[in-house]
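Remarks on the overall topology
This is what each chain is made of:
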Amino acid sequence: MTALDTPAPRTGRRRRPTPHGYEESVQQRQPDPPIYRALLARWATDGRTLPGRRDPEWSRVTTAPIWPTGPLFEG
């Protein structure tokens, strides 16, 4: 019998109870500073890709067919 055939006891990490008075280590998101909002507005008017928003050009490229079609490509 091999080691794979014998059932081994399950051991693993378990969650510890949250200590009293524990605060979350991740800070809550603050609103963007005015200079950052102005930069995003400028980029948007220039048609650039913005953080957190889909890139329309990338979406168009990735949804295009992999293999070309048409009279030039038919064999």
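Residues numbered from 1 in each chain as written. Predicted model: local features only at pLDDT ≥ 70, side-chain atom pairs only at ≥ 80, totals over all residues. Heavy atoms only, no water.

The next point concerns the pattern of salt bridges. The full count for this structure, using the stated rule, is one salt bridge. Put simply, R42 and D46 hold a salt bridge, and the shortest N to O gap is 3.6 Å. Judged by relative accessible area, which is 55%, R42 ranks as exposed. (Salt bridge = Lys/Arg side-chain N within 4 Å of Asp/Glu carboxyl O. Buried < 20%, exposed > 50% of the residue type's maximum accessible area, 1.4 Å probe, protein only.)

Of all eight residues making up helix 2 (residues 56-63), only zero are buried, and the element is barely covered by its neighbours. Where helix 2 begins, one side-chain oxygen reaches toward the backbone nitrogen of E57, 3.2 Å away; that side chain belongs to D55. (Helix = DSSP H or I, 4+ residues; strand = E, 2+ residues; numbered from the N terminus. Polar contact = N/O pair within 3.5 Å; in protein donor to acceptor, adjacent residues only side chain to side chain.)

Turning our attention to a nonpolar patch on the surface. Together, I35, Y36 and L39 make up an exposed nonpolar region whose accessible area comes to about 290 Å². Summarising the element assignment, Y36 is placed in helix 1 (residues 34-45). (Patch = residues over 30% accessible without salt bridge, like charges linked within 9 Å, V, L, I, M, F, W, Y side chains within 5 Å. Areas by Shrake-Rupley, 256 points an atom, 1.4 Å probe, with all protein chains shown as cover.)

This part covers the environment of T63. For T63, the position within the fold is in helix 2. In terms of polar contacts, T63 uses its side chain to reach the backbone carbonyl oxygen of S59, at 2.9 Å. Among the polar contacts listed, one links the side chain of T63 to the backbone oxygen of R60, at a separation of 3.2 Å.

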